[in-house]
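Fold and contact review
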Amino acid sequence: MRTFITITFLLPIILFAQLKSPAEFLGYELGDKFSRHHQVVDYYRHISEKSEKVTLQQYGKTYEGRPLLLAFVSSKENLANLESIRTDNLKRAGIIEGEAESNVPIVWLSYNVHGNESSSTEASMATIYELIKEDTDKGGWLEKAIVVIDPCINPDGRDRYVNFFWQNASQPYNPDPNALEHNEPWPGGRANHYLFDLNRDWAWQTQVESQSRIKVYNQWLPQIHVDFHEQGINSPYYFAPAAQPYHELLTTFQRDFQTEIGRNHAKYFDANDWFYFTKQFFDLLYPSYGDTYPSYNGSIGMTYEQAGHGRAGLGIIKQEGDSLTLKDRIAHHYTTGLSTIEITVNNADRLLSQFGKFFGDNSSLKYKTFVLKYDGNTDKFNSLKKWLDNQGIRYGSASGRGVKGYDYKSGRDASFSINANDLVINMNQPKATLAHILLEPQTKLVDSVTYDITAWGVPYAYGIQAFASSQMIPINEVPQPIYEASAAPEKAYAFVSKWNSMDDARFMAALLKANIKVRFTHKPMTYKGESFERGSLIIARRDNKGVRNFEDKITALANDHKRSLAVIQSGFMDGGPDVGSSAVRYLKRPKIALLSGDGTSSLAFGATWHFMEQELDYPVTILGTDYFRQVNLSEYDVMIMQSGWYGSFGEREMKKLMDWVSAGGKLIAVDGALNKLKDSDHSSLSAYVDDAEKKAAEKKETEREEKARLVAFENQEREFIKGFSPGAIYKVKMDKTHPLAFGYGDLYYTLKTGSRRVAYLDGNNVGIVVGKEDLLSGFSGKYAKEDMAKTLIFGVENKGSGQIVHIVDNPLFRSFWQNGKLLMVNAMFFVGQ
C-alpha cells in the first residue's frame, strides 16, 4: 500500500509534500459536510500511500460490500517490526510461548460502531492526520506506541444515515430540532445491514463485521481500547471512569487507571470550558460491549460519548439555546483520542506490566473448572466449540467421579461425574477471566441499576447442563471432529434425518428449496435398533418419484450439510408409527412473510431477517406495515409479527390479519407484538386467568403504588426496578410432545428481557414458568419475581382453520440465545402441519 522512492535522501520531502490534510483531500473542512464511506476509505488509502508512519489493512467487508479497514500508526522503525511487536504482546499475555523483547504498548481506537453516531469517523481523520503530519508535535508518541485506528466499524449503518442527511438537509443546514434533517425515519442508521446493534455483538460475533473485527483484535490484544459513541443532543461529553456496576473480576489497576485517563481528559476539557461527566450510566458489566469485552481481555476498555447521535446533523439548537455543531463534536472526540494516546505513552511500562499480570494470575477466580455435560447432541457441542475457538478459549476432555460443583439446572451445589465426551474448560489458561465471565452461572451485582441484561451464562444459552467447580481439573486435548461423507445406497425406501439442531433445520430448508418432499413424525419411531424422536424428517422415495437419481441426490445434499442419514428399506417400523401413519405428517413448503417498518422493533425485525437469510437460508418476503392493507395475504402461509408497538396497526389491519388466520394462516407473534392480541377478541391471551385473579392482581398493584408514593425522590428509580426484569434467566417447563417443542426435552432456559406477565392460554401451553423459584440467574425485581409464577412463555391456540403461535420471550434476541432458534423453526414449519 506504500509508495517507495529509490532516491533515499529525497524520500521524506517527496512523501510529506504529497501528504494531504483531510480538507485538502476531500475538498471541504471536516464538519462542513458528512463524508461518505468511500471518501473515508479513499483518504485512508491516500495517507497509507504517502506516509511512512501508516500501514493499512483491510480486515473484511460488510454485508453490503463496504471495506472494513485498520490503520496501524507508528514510527517507521516500529512499523518495520510490526509483526514482532504483535507477537511480543501475545507472549506477554501467554497466548503464545516465549518472552517479550519489545516494550511497545498498543492503543486501539474504534469509531462509529453505531452508524448515526456519525461524528467519530470524521474525528478519526482529524486524529490520524495530527499524528502523522510533517509539523506534528506528536511524533515522539509514535516512537513509543502502536496506534490502531478503525475509522468505521459500521459502514453500512453510517452510509444509511449520511445518505439520509444529504437527501433531506436544508442548505444551509437548519438547526431547528423539528426539521426533517434531525428526524430519521425507521429504521435509522444506528444498526448494520441486518439492523443489529454491533455494540452488543462483541462476544457473540453473530455479524460479519464483528466476526472479522474480533478475529484480528484477538491477534493483537491492545492495552487500551476506546469505543467512540454519541448520545442525546443535550448531554455533556462522557468519558471514563465508568459507572457501577463493574464486573467483580476487573482488576484494581483497570479501575484506577480509568480515573487517571479521565483526569487527563478533564485537563483539556477544563481548558476549553467544555462540559463533561463521568461515573454515570455507562457501566462495565454486560460482556459484549466495546468497553467490557476488551476489558475482559486485559485492556483498559472505555466508552466515550459525545452529544449528537442521529439528531444533531451539521448543527442543532440544544435545550439551553446553545448550538451543537458537527465541528464541535469532532473537536471533542479528537481531543479525547489524542489524550488517550498521550497518557498511554506516559504510562507505557505500567500498562505493559499490569497487562501481563492480568493474564498471569487466575487465583481470584471463584470457579476453576466448568464442565458441560454431553447430551448426545453433537451439532450443539460442535457449534459451541467453534464459538470458543473464536474467543481463544481453550477446552478439552477429562474424567472423574465425585466432583463437586454448582449445578446450573438446580441452582445448588451437587456431586457429579465427568464422562469422556463432556466438554471441560479449566481456568489454567490465558483467557481465564473472559471464560469465567462468559460461563459463570451467576454474575455478582453490586448495583441492580444497570445499563443492560444481567445474565448471559453460555451453558444456558446453548441449553446444556453444566457444573461449575472450584476444583482445577486437568484436561486433555480434544480432537477436531471429522465428518466422513456417506456413499449413496443402491436403493432406499426412505431416508430418516434426526431433528435436534439448527444444522438439521438448514438441511430441511435445503431439501425444501430443492423441491424434495419431506415428512416428519409426531411420535417417536424405531427401526432396526435405531430411535428417531419427534420431529425426525422422513424423505421417502414414493413422495419423490419424479426425482432422478433419488438416492444420489439426497445423499449429496446430506453430505453438503454433514448429515448422517438412516436408510430404511421398509415402511414398517419396529416401534412407533409406520411411515404411512397419520402421525407422520407431510411437510408443506411454507411461504413465509415478515412484517417490517414503522411500528416494529428494528432490532427484533433485523434479528429475524438475519436468521432467515444467514442462518436458516430459507426465503422470506418482507412486508411493510405502511402498505399492509394492500397485500394479498392469501399468498402466504406464515406471518411473523416480531416485537414492536404497531401503532399504525388499527382494528382494520388486525381484522384483516385475523381473517387470514381463520382461513388457515399461521401467525407467529413475538414479545411486544403480543400486546395487539392481549385482552382482545382476537385471542385468549391475557395477563390473568379470570376476573377473580385480575381483581386480586389489581388490588396488589394498588398496594404497591401506595407504597411507591412515599419513596424518596432519589430512590424512585430503585423502586421502579422492583417490577422489572432486565435480562434474567428462568427455567421453563416444556411440553416436548407438541410440535413447537420438537427437538427439545422437558426443560428450556429462557432469557427474560422484560416483566410481561401472560396467563395460560385456552389452547396449548407449550412452555411455562411454574413459580418464582424458577429464576436461575440475573436480576429480577421483587415484584417481577412474584408476578412471574404461572406464566406462559410459549403457546399455540387454534383460530378457525389457522393458528396463533405466542412467543413471549424472543428466542432470537441479539441472535446469541442459540438454544431458542430451533423453536422458531418449529413454529414456522411444524406447528399446524
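Before any of the text, the structure's been laid out above.
**Observations regarding the packing of aromatic side chains**
Applying the stated rule across the entire model yields 49 aromatic pairs. Between the aromatic rings of F355 and F359, the centroid separation amounts to 5.0 Å while the plane-to-plane angle is 70 degrees, which identifies the pairing as edge-to-face. In this pair, F355 and F359 both sit in helix α13 (residues 348-360), 4 residues apart, roughly one turn of the helix. Both residues of the pair, F355 and F359, belong to the buried class. Ring geometry for Y646 and F649: centres 5.6 Å apart, planes at 70 degrees, overall edge-to-face. By the burial criterion, Y646 is buried, and F649 matches it. Of the aromatic side chains, those joined through ring pairs into one cluster are Y63, W186, Y194, F605 and W609. The residue whose ring lies beneath R213 is W202, and the NZ or CZ to ring-centre distance is 4.4 Å.

**Re the pairing of strand β28 (residues 666-670)**
Within β28, 5 of the 5 residues are buried, which leaves it mostly tucked inside the rest of the structure. The alternating pattern of β28 places K666, I668 and V670 and L667 and A669 on opposite faces, both of which are buried. Across 4 bridges, the pairing between strand β27 (residues 638-641) and β28 is parallel. Looking across to β28, one finds that V638 is bridged to K666.

**Considerations on a positive patch on the surface**
A cluster of basic residues, K707, K772, K782 and K785, forms a positive patch on the protein surface. Within the secondary structure, K707 is located in helix α21 (residues 691-708). A residue is classified by how much of its surface remains accessible, and K707, at 56% relative accessible area, is exposed.

**A closer look at unusual backbone geometry**
The omega torsion of the bond from Q171 to P172 falls at 0 degrees, within 30 degrees of zero and hence cis. In this structure, the amide linkage connecting W186 to the following residue, P187, adopts the cis form with an omega of 0 degrees. Mapped onto the fold, P187 is located in the loop between α8 (155-168) and α9 (208-217). In this structure, L195 takes a positive phi of about 60 degrees despite not being glycine. By relative accessible area, L195 is classed as buried at 4%.

**Some thoughts on the pattern of salt bridges**
Following the criterion strictly, the structure yields 35 salt bridges and no others. D197 serves as the salt-bridge partner of R190, at 3.1 Å between the closest nitrogen and oxygen. For R190, a relative accessible area of 25% translates into the label partly exposed. When the shortest N-O distance is used, the salt bridge between K700 and D787 registers 3.7 Å. One end of the pair, K700, is in helix α21; the other, D787, is in helix α23 (residues 782-787), and 87 residues separate them in sequence.

**Looking at α9**
In terms of burial, α9 is a largely internal element, 7 of the 10 residues being buried. Listed as buried for α9 are E209, S210, S212, R213, I214, V216 and Y217.

**Digging into the sheet that holds strand β18 (residues 494-497)**
Hydrogen bonds between backbone groups are what pair the strands of a sheet, and the pairing can be parallel or antiparallel. Ordered in space as β23-β18-β22-β19-β24, the 5 strands form an open sheet in which the pairing is antiparallel. Where the open sheet ends on each side, the last strands, each with one partner, are β23 (566-568) and β24 (584-587). Across the sheet, the axes of successive neighbouring strands diverge by a mean angle of 30 degrees, strand direction being ignored. As paired strands, strand β19 (residues 518-521) and strand β22 (residues 537-540) are joined by 2 bridges and run antiparallel to one another. When the sheet's bridge partners are listed, R519 is paired in β22 with I538. Most of the contacts of helix α18 (residues 550-560) go to β18, to which it runs at about 10 degrees, and overall it touches β18 and β22.

Cut-offs and rules
- Residues numbered from 1 in each chain as written.
- Predicted model: local features only at pLDDT ≥ 70, side-chain atom pairs only at ≥ 80, totals over all residues.
- Heavy atoms only, no water.
- Phe/Tyr/Trp six-rings, centres within 6.5 Å; stacked < 30°, edge-to-face > 60°.
- Helix = DSSP H or I, 4+ residues; strand = E, 2+ residues; numbered from the N terminus.
- Buried < 20%, exposed > 50% of the residue type's maximum accessible area, 1.4 Å probe, protein only.
- Lys NZ or Arg CZ within 6 Å of the ring centre and 35° of its normal.
- Pairing = 2+ DSSP bridges.
- Patch = residues over 30% accessible without salt bridge, like charges linked within 9 Å, V, L, I, M, F, W, Y side chains within 5 Å.
- Areas by Shrake-Rupley, 256 points an atom, 1.4 Å probe, with all protein chains shown as cover.
- Salt bridge = Lys/Arg side-chain N within 4 Å of Asp/Glu carboxyl O.
- Lys, Arg positive; Asp, Glu negative; His and termini not counted.
- Charge placed at Lys NZ, Arg CZ, Asp CG, Glu CD.
- Axes fitted to C-alpha atoms, helices over the stretch in contact; angles between N-to-C directions.
- Contact = heavy atoms within 4.5 Å.

Distances and angles like these do not, on their own, reveal function.
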